[in-house]
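# Tertiary structure, described
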Amino acid sequence: YLILNVAVGGPGGFFPDGVSNAGGPKPWKNSDSETTAARKFWQQRKQWQPTWKGDDAAMIVDYVRMWQLQ
């Protein structure tokens, strides 16, 4: 199986607390619950949404090649 994913974050520790990027610092803490993190992310959409520019914010896959190893 192959899973391709575009993630914006979550409280799993993949994105450290207190680190800023183009959209500013992330609005949730890694200690937040999934529900609280999602709510904080959505409440701050005016901060990060302008940084998502059409296809520049999308994952574009040209092709995928897989082999089965025996």
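Look a little higher up for the structure.
Overview of the structure. Nothing here was measured: the structure is a model prediction, and the numbers come from that model.

The rules behind these values
- Residues numbered from 1 in each chain as written.
- Predicted model: local features only at pLDDT ≥ 70, side-chain atom pairs only at ≥ 80, totals over all residues.
- Heavy atoms only, no water.
- Helix = DSSP H or I, 4+ residues; strand = E, 2+ residues; numbered from the N terminus.
- Polar contact = N/O pair within 3.5 Å; in protein donor to acceptor, adjacent residues only side chain to side chain.
- Contact = heavy atoms within 4.5 Å.
- Salt bridge = Lys/Arg side-chain N within 4 Å of Asp/Glu carboxyl O.
- Buried < 20%, exposed > 50% of the residue type's maximum accessible area, 1.4 Å probe, protein only.
- Patch = residues over 30% accessible without salt bridge, like charges linked within 9 Å, V, L, I, M, F, W, Y side chains within 5 Å.
- Areas by Shrake-Rupley, 256 points an atom, 1.4 Å probe, with all protein chains shown as cover.

## Some points on the side chain of Asp32
Here Asp32 is to be found in the loop between strand 2 (24-25) and helix 1 (34-43). Polar side-chain contacts of Asp32 include one of 2.9 Å to the backbone nitrogen of Lys29. Among the polar contacts made by the side chain of Asp32, one reaches the side chain of Lys40 at a distance of 2.9 Å. In this view, Asp32 contacts Pro11, Ala37 and Lys40; residues no more than four positions away in its chain are not counted.

## Thoughts on the pattern of salt bridges
Inspection of every chain in the model, using the stated rule, returns 2 salt bridges. Across the salt bridge formed by Asp17 and Lys26, the nearest N and O atoms sit 2.9 Å from each other. Across the salt bridge formed by Lys40 and Asp32, the nearest N and O atoms sit 2.9 Å from each other. According to the relative accessible area criterion, Lys40 is partly exposed, its value standing at 25%.

## Re a nonpolar patch on the surface
Residues Leu2, Leu4, Val6, Met59, Val61, Val64 and Met66 make up a contiguous nonpolar surface patch of roughly 630 Å² in combined accessible area. Within the fold, Met66 resides in the segment after helix 2 (45-48). Note on Met66: relative accessible area 54%, which makes it exposed.

## Regarding the environment of Ala58
Mapped onto the secondary structure, Ala58 falls in the segment after helix 2. Assessed through its relative accessible area of 40%, Ala58 is described here as partly exposed. Residues Ala58 and Gly18 lie 40 residues apart in sequence; the distance between their C-alpha atoms is 25 Å.

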